[in-house]
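Structural characterization, general
Residue strings, one per chain:
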Amino acid sequence: AQVKNSIGLVTALSPYIGYENSTALAREAHETGSGVLELALKKKLMTKQQLEEILRPEVLTRPRSHVTAAHGAGARKSAGGRPGKKTTRRKDSR
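Model, not experiment: these values are computed from the prediction.

Calculation notes
- Within every chain, residues take consecutive numbers counted from 1 along the sequence as written.
- Selection of residues for local features in this predicted model requires a pLDDT of at least 70, selection of side-chain atom pairs for listing and counting requires 80 or more, and totals for whole chains, interfaces and linings are taken over all residues.
- Side-chain calculation: all heavy atoms of the structure are included, whereas hydrogens and water are not.
- Note on conventions: DSSP H or I runs of at least 4 residues are helices, E runs of at least 2 residues are strands, and numbering of each starts at the N terminus.
- Working definition: with a 1.4 Å probe on protein chains only, accessible area under 20% of the residue-type maximum means buried, over 50% means exposed, and in between means partly exposed.
- We call two residues in contact whenever any of their non-hydrogen atoms come within 4.5 Å of each other.
- Note on areas: these come from Shrake-Rupley sampling with a 1.4 Å probe, and a residue is covered only by the protein chains present in the view.
- One speaks of a salt bridge when a side-chain nitrogen belonging to Lys or Arg is within 4 Å of a carboxyl oxygen belonging to Asp or Glu.
- pLDDT is defined as a per-residue confidence score from the predictor, taking values between 0 and 100.
- Given the number of residues in a helix, its expected span is that number minus one, multiplied by 1.5 Å.
- When we speak of the arc, we mean the arc of directions from the helix axis to the C-beta atoms.
- Among the buried residues, those of types Ala, Val, Leu, Ile, Met, Phe, Trp, Tyr and Cys that are joined through side-chain atoms within 4.5 Å form a nonpolar core.

Structural notes on the overall build of the protein
In terms of helices and strands, the protein carries six helices and zero strands. Listed N to C, the secondary structure of the protein is α-α-α-α-α-α in terms of helices and strands. Split into buried and exposed, the 94 residues of the protein put 30% on the buried side. A separation threshold of at least 6 residues defines the contact pool for the protein, and within that pool the share at least 24 residues apart is 48%. Of the roughly 7,100 Å² of accessible surface on the protein, a fraction of 51% belongs to carbon and sulfur atoms.

As structure tokens, then:
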């Protein structure tokens, strides 16, 4: 039961809901004492079925690529291939 209320769960959710949503969930869970999963459901960031699938031990422990992990609601993929990091291109100085 304690694992289900752990703020650390945002680490597993981040590839699916994005860094900013994960950070907001962790902050609110810490400030209010609410569980991360409870808040994710309340804010409709994920369904109960999605959470159950993502948080299965065999899913949490299998290797995954950035491309696979970045296909979630709210996750952004930058030019560098990492979700959540925004990159800026420099204009050519010529």
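Regarding the pattern of salt bridges
Inspection of every chain in the model, using the stated rule, returns three salt bridges. Linking Arg 56 and Glu 53 is a salt bridge whose minimum nitrogen-to-oxygen distance equals 2.5 Å. A residue is classified by how much of its surface remains accessible, and Arg 56, at 30% relative accessible area, is partly exposed. Judged by relative accessible area, Glu 53 falls into the partly exposed class, the value being 39%. In this structure, the salt-bridge partner of Arg 56 is Glu 58, at a minimum N-O distance of 2.7 Å.

Observations concerning the confidence of the model for the protein
Of the residues in the protein, 64% reach a pLDDT of 70 or more, and the chain-wide mean stands at 76. Looking at the elements of the protein, mean pLDDT is at its lowest for helix α6 (residues 66-69), recorded as 48, and at its highest for helix α2 (residues 19-32), recorded as 96. Confidence drops under pLDDT 50 across residues 67-88; counting only partners more than four residues distant or on other chains, this segment forms 33 contacts.

Some thoughts on α2
With 14 residues, α2 should cover 20 Å at 1.5 Å per step; its first-to-last C-alpha distance of 20 Å lies within 8% of that length. The complete set of buried residues in α2 reads Ser 22, Leu 25, Ala 26 and Ala 29. Buried residues of α2, seen end-on, are gathered within an arc of 95° and therefore sit on one face of the element. With respect to the buried face of α2, the exposed residues turned more than 90 degrees away are Glu 20 and Glu 31. The inward-facing, buried residues of α2 contact α1 (10-17) and α3 (36-42). The positive-phi residue at the C-terminal boundary of α2 is Gly 33, with phi of around 80°.

Comments concerning the nonpolar core
Within the largest apolar cluster, 17 residues are counted, with the highest numbers of intra-cluster contacts made by Leu 13, Leu 25, Val 36, Met 46, Leu 51, Ile 54 and Leu 55. At the level of secondary structure, the elements contributing two or more residues to this core comprise α1, α2, α3 and α4 (48-54). Sort the elements by how many residues they give to this core and α1 lands first, with five residues. Contact partners of Ile 54, with chain neighbours within four places excluded, come to Ala 12, Leu 13, Tyr 16, Met 46, Val 59 and Leu 60.

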